[in-house]
Amino acid sequence: MSVASDMDFKVVFASLEETCEENIAAFSELTDLQQRDVSQRLVACMKQIQEHSRALEPMVASFTAIFHHYDFDEHTPGNGYRSLIKVLTACLVHIIQKARYIAANHKSTFFRTDHNVSEMEAYCSALCQLRALIYLAKRLINDNDLGQLYSLQDCDLSHRFVQEYSSMHKACFYGRCLGFQFSPSLRPFLQTVVISMVSYGEAYGKKQSGLGLAALSLLTSGKYVIDPELRGAEFERITQNLDMQFWKSFWNITESEFVTVGRGFSRIASYTVQVNLSLTVPPVPLSLPLVADPSRFANVSPPLAHWGPGPVDMRLISYVIREGQHSEELLSLLSVGSPPVSTYRAPWARNQPPSPWLLIHFHGGGFVAQTSKSHENYLRSWSKELNVPILSVDYSLSPEAPFPRALEECFYAYCWALKNCHLLGSTAERVCLAGDSAGGNLCITVSMKAMTCGIRVPDGLMIAYPATLLTIDASPSRLLTLIDPLLPLGVLAKCLDAYTGVESPTVQAVVGDNSLSALGKDTTEVLNDLTQGAANWLQSLLDPMQPTGITRWRSARHRESARRALNHTSPADSQAHVEYPEGFEPLRSQCRAFVQPISCPIIRNPFVSPLLAPESLLRGLPPVHIVASALDALLDDSVMFAKKLRDMGQPVTLTVVEDLPHGFLSLSQVSKETEYATEICLSKMREVFEPEGQKTDAENGEKESPPPEDPPTAEDPPTAEDPPTAEYPPAAEYPPTAEYPPTAEDPPTAEDPPTAEDTPTAEDPPTAEDPPTAEDPPTAEYPPTAEDTPTAEDPPTAEDTPTAEDTPTAEDTPTVEYPPTVEYPPTAEDPPTAEDPPTAEDTPTAEDPPTAEDPPTAE
């Protein structure tokens with residue numbers, strides 16, 4: 001994908017035209033009757049690809065000429081228009097590669113003609129749908145102001161666009177073409193997610209029992225691996241009009257003990273931490289000092305929305321045990337089933353001092369799914385890499401707890417952490433908020449709420465792919481919800497409805513025994529609901545000539561759907577809301593979705609959609625570091641919010657990573673690309689904890705040593721702030737050598753080594769205003785006095801013996817381990833030691849009268 005994005009689009013279109021002509025010529029000449037039908041299918045497919053390609057090339061040229069105007073800045077290329085062109089280019093490159101393979105191998109004995117033609121037809125359908133999205137994006141450019149990615153003022157335009165691409169055919173993107181736009185290393189994972197979801201959806205709502213049958217339910221995925229078209233059709237059916245309870249229960253499986261095998265999987269895949277506690281904080285009013293007047297306090301009430309005061313669940317993660325994390329006060333807050341604090345503690349481990357930093361985390365999940373446990377994998381790594389305790393908040397989920405319950409709980413948890421940081425193993429000198437997706441939205445709104453209350457705001461935010469506009473307004477990046485397997489349009493719309501408390505008229509969630517709640521039903525029962533599909537699949541294995549009724553019905557349905565899509569036929573009730581060029585019409589879905597616009601004013605609340613917040617609520621935010629993905633449907637949320645903060649003069653950074661989907665933090669150990677993106681997030685959090693110009697030696701440890709080829713000289717001697725390193729060891733361990741003998745300007749000391757600026761030289765002799773002291777050795781300008789001159793009654797000692805340049809101390813004297821050798825005899829700079837006493841030549845006596853350089857005094 002990264003290679004394709006760097007290629008000139010003209011070269012791509014030229015290569016595509018060439019390979020299409022080559023395949024058309026090769027298969028038009030085939031006379032084999034058995035291959036005639038397949039050959040005709042391929043030739044027709046190639047001609048359709050040529051038609052799409054010729055129409056797209058001038059449109060791509062117009063986009064590339066202007067899409068830089070929509071970037072955050074010239075150093076951060078990234079917006080929805082760029083993303084659409086990247087996805088289109090990736091599709092064209094895949095078609096070129098497949099066409100070249102077909103042309104080169106179609107005469108081979110082992111060439112699977114039907115399989116390869118089916119793949120080419122799938123990519124032809126995908127190219128047709130991408131062409132429709134490019135037309136829609138072009139309309140957005142024409143109807144919006146330059147640099148604007150959203151139609152915030154024209155609600156009717158947004159509604160018409162959303163209705164248009166919600167009715168388009170999507171199954172081709174979830175079958176053979178699944179994940180073509182992402183990094184190749186992620187495609188197996190995406191395939192696993194889609195197959196798991198459709199397998200789970202087949203059995204959802206059916207009453208089953210027995211843990212053994214739950215294990216067999218894993219086998220139901222086999223037919224969706226074999227039949228990509230069936231997989232795509234089922235995934236489209238599930239996500240077009242999503243059942244929110246189904247979505248919640250599916251993602252709840254990822255937290256079950258069955259899947260994680262007693263939590264062992266996550267520990268193998270990440271670091272082992274010594275503290276991992278689930279806490280339940282009671283709803284007690286808090287008081288925090290005001291920033292403007294610390295002598296006054298602001299009262300913070302516990303969460304109250306919808307059902308009154310209630311506790312807040314949190315998870316404390318720390319790589320090492322710190323002071324306060326084993327206190328009785330903290331242990332009294334443990335949730336039921338939480339392991340004791342010493343579960344993962346080594347016998348020799350000691351309590352570490354409190355960290356000056358504290359990281360508070362709000363997890364993602366569309367406000368409707370997942371918990372801190374879902375994100376525990378990368379939180380463990382963060383705790384070790386940053387050496388900081390992490391408090392992750394398990395806020396209440398929608399639709400049971402719509403806005404503002406989650407915001408109230410997160411804000412209360414933030415205030416509780418500031419007041420009780422000593423229990424978390426931190427002094428909270430610097431506090432960072434971190435979150436992804438919905439959690440990024442909560443990071444922003446919690447900071448806004450802290451400013452409105454007048455209490456301390458965090459020192460910085462690190463938010464990954466945040467949702468800053470909780471509406472269904474059209475934008476170029478949100479067009480990608482048509483093809484995104486992790487954030488389809490139906491999922492996005494239902495999550496927004498759930499959080500804002502709006503009941504969608506199209507959702508008919510099953511209530512009763514057939515409905516699963518991720519919050520209330522036992523995990524074993526959730527897994528047991530998978531078994532019906534396994535039974536059907538096993539039956540098909542035992543007797544393949546007698547498929548089950550549901551299999552026959554779905555196979556016939558998806559084949560008819562594919563036939564209609566390829567022939568560009570639409571259902572009778574489909575209506576085009578946007579005019580396309582004559583002769584072109586996108587493929588229509590057989591499962592129509594009706595996404596109704598949200599008319600409730602709550603979506604315009606600045607604490608719901610921070611992008612719509614007035615400047616008065618955003619001014620004063622701490623530094624905001626946004627990490628987004630170029631292929632994320634919420635990319636434009638990040639770009640527009642970063643632009644708004646920048647135009648206000650607020651500190652903000654935006655980093656756009658390539659080739660990754662929404663939610664890449666949870667995939668941090670799946671590929672090198674996700675690891676790199678996670679490292680960027682870590683570096684942004686380090687910037688919050690260690691801002692430029694405020695780093696201390698205690699925080700940084702040892703400073704970086706100078707390179708070996710640039711040793712210290714008399715002009716740049718080592719100081720007390722520069723500790724000895726491998727390149728520059730202490731003098732007591734390594735005696736002077738021929739290359740770097742000690743000089744008068746750089747005598748080795750232990751407490752306060754003199755520097756080049758402190759040692760008087762010939763160019764800078766001491767003056768009358770600065771006479772020598774007892775610590776300064778006598779020189780020609782300042783001869784020794786009565787107090788300094790050694791006498792016979794008071795012979796000099798190892799500490800008092802003056803030298804030509806400086807008086808050595810006991811700490812400076814070379815030790816017996818490294819005495820001067822014959823090759824390097826002691827000099828004036830290397831005074832004698834107790835083991836090497838002064839000789840007659842060295843010690844001034846009565847027989848050795850002072851010389852002209854050392855004139856006698858009155859004494």
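Heads up: the structure comes first, above all this text.
A few points on the structure.

Rules used in this analysis
- Residues numbered from 1 in each chain as written.
- Predicted model: local features only at pLDDT ≥ 70, side-chain atom pairs only at ≥ 80, totals over all residues.
- Heavy atoms only, no water.
- Phe/Tyr/Trp six-rings, centres within 6.5 Å; stacked < 30°, edge-to-face > 60°.
- Helix = DSSP H or I, 4+ residues; strand = E, 2+ residues; numbered from the N terminus.
- Buried < 20%, exposed > 50% of the residue type's maximum accessible area, 1.4 Å probe, protein only.
- Expected span 1.5 Å × (residues − 1).
- Polar contact = N/O pair within 3.5 Å; in protein donor to acceptor, adjacent residues only side chain to side chain.
- Pairing = 2+ DSSP bridges.
- Axes fitted to C-alpha atoms, helices over the stretch in contact; angles between N-to-C directions.
- Contact = heavy atoms within 4.5 Å.

Within a pair of aromatic rings, the relevant descriptors are the distance that separates the centres and the angle that separates the planes. A complete count under the given rule lists 17 aromatic pairs for this structure. Summarising the aromatic geometry, the rings of Phe-63 and Tyr-81 are spaced 5.9 Å apart at their centres and angled 45° between planes, so their arrangement reads as tilted. Taken together, the positions of Phe-63 in helix 3 (residues 33-66) and Tyr-81 in helix 4 (residues 80-105) put the pair 18 residues apart, joining distant regions of the chain. Each member of the pair, Phe-63 as well as Tyr-81, carries the same accessibility label: buried. Consider the rings of Tyr-135 and Tyr-580, whose centres lie 6.0 Å apart with planes at 70°: the pair is edge-to-face. Of this pair, Tyr-135 sits in helix 5 (residues 113-143) while Tyr-580 sits in the loop between helix 21 (549-566) and helix 22 (615-618), and the two are 445 residues apart along the sequence. You'll find Tyr-135 and Tyr-580 in the same group, each marked buried. Grouping aromatic residues by their ring pairs yields a cluster made of Phe-63, Tyr-70 and Tyr-81.

For helix 4, spanning 26 residues, the distance from its first C-alpha to its last is 38 Å, which sits close to the expected 38 Å at 1.5 Å a residue. Within helix 4, 20 of the 26 residues are buried, leaving the element largely enclosed by the surrounding structure. Structurally, the start of helix 4 carries an N-cap: the backbone nitrogen of Tyr-81 is 2.9 Å from a side-chain oxygen of Asn-79.

Before going further, it helps to examine the environment of Ser-199. Along the polypeptide, Ser-199 turns up in helix 7 (residues 187-203). Residue Ser-199 is classed as buried on the basis of its relative accessible area, which comes to 3%. Between the alpha carbons of Ser-199 and Arg-231 there is a distance of 9.0 Å; along the sequence they are 32 residues apart. A distance of 2.7 Å separates a polar atom in the side chain of Ser-199 from the backbone oxygen of Ile-195.

Moving on: the sheet that holds strand 10 (residues 652-657). Reading across from one edge, 1-4-6-5-7-8-9-10 is the order of the 8 strands in this open sheet, with mixed pairing throughout. One side of each edge strand has no neighbouring strand; the edge strands of this open sheet are strand 1 (275-281) and strand 10. Direction aside, neighbouring strands of the sheet carry axes that sit 20° apart on average. The pairing of strand 9 (residues 624-629) with strand 10 spans 6 bridges and is parallel. Along strand 10, the bridge assignment pairs Ile-626 with Leu-654. Packing of helix 17 (residues 438-453) onto the sheet brings it into contact with strand 5 (355-362), strand 7 (426-436) and strand 8 (460-464), and relative to strand 7 it is tilted by some 135°. Where helix 24 (residues 672-689) meets the sheet, its contacts fall on strand 5, strand 7, strand 8, strand 9 and strand 10, and the angle it forms with strand 7 comes to roughly 145°.

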